[in-house]
Amino acid sequence: IDAEAERDATATGIRRAFTRLAQQAPLVVVLDGIHWADVQSLELVSSLMRRVDALPILTVLVTRPDEHVAAVIEGVVTIELGGLSQFQAAEELFGT
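Residue numbering note: each chain is counted from 1, following its sequence as written. Only residues with pLDDT of at least 70 are given local features in this predicted model, and only at 80 or more are side-chain atom pairs given and counted; all residues enter the totals for whole chains, interfaces and linings. Note that the side-chain values use all heavy atoms of the structure and ignore hydrogens as well as water.

**Observations regarding the packing of helix α1 (residues 3–24) against helix α2 (residues 39–49)**
Threshold: Working convention: axes come from line fits to C-alpha atoms, limited for helices to the stretch in contact. Angles between N-to-C directions cover 0 to 180 degrees. Secondary structure counts use DSSP, requiring at least four H or I residues in a row for a helix and at least two E residues in a row for a strand, with both numbered from the N terminus. Two helices crossing with the near one rotated counterclockwise from the far one by less than a right angle form a left-handed crossing, whereas a clockwise rotation gives a right-handed crossing. Two residues form a contact once any of their heavy atoms are found within 4.5 Å. Classification convention: Asp, Glu, Lys, Arg as charged; Ala, Val, Leu, Ile, Met, Phe, Trp, Tyr, Cys, Pro as nonpolar; all other residues, Gly among them, as polar.
In the contact formed by α1 and α2, the axes pass within 11 Å of each other and the chain directions differ by 30 degrees. Handedness of the crossing formed by α1 with α2: right-handed. Mapping the contact onto sequence places Arg 7, Ala 11, Ile 14, Arg 15 and Phe 18 in α1 and Gln 40, Leu 44, Ser 47 and Leu 48 in α2. Of the residues assigned to the contact of α1 with α2, the class counts are five nonpolar, two polar and two charged.

**Quick notes on the layout of surface pockets**
Under the convention used in this document: The method works on a 1 Å grid over the protein atoms by themselves. A cavity is a set of points holding a 1.4 Å probe that cannot get out, a pocket is an open set with protein on both sides within 12 Å along at least five of seven lines, and residues with an atom within 4 Å of a point line them. Grid points are joined across faces, edges and corners, and a volume is the space filled by probe spheres set on the points.
Empty space within the largest pocket amounts to approximately 750 Å³. Lining the largest pocket are 19 residues, and of these Leu 61, Val 62, Thr 63, Ile 79 and Glu 80 lie nearest its centre. Put simply, the parts of the chain that give the lining of the largest pocket at least two residues each are β2 (57–62) and α3 (67–73). It is β2 that contributes the most residues to the lining of the largest pocket, five residues altogether. Here the lining of the largest pocket is composed, by residue class, of 13 nonpolar, three polar and three charged. What the second largest pocket holds in volume is close to 280 Å³.

These results come straight from atomic positions and should not be treated as a statement about function.
Spelled out as structure tokens, the structure:
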């Protein structure tokens, strides 16, 4: 099996698994750090998010601002969060 066929088989398997799970109950998929993902992984994420079938799948992507991720999140709801101040970070860590 060449690399492209293996990638296609993996993508098909993930789509089938998500479809089966979402047919049983609503599904939430959380992907953190997608700014580290390679192009093929981003293409897979994009294709999964833009499915035309009406399955109850919520996809949450966590990323830093990054140009190679922009195409994946274009046209979807985004919530931009600012960073924490040093005081806020300490408060979260130590509960002070």
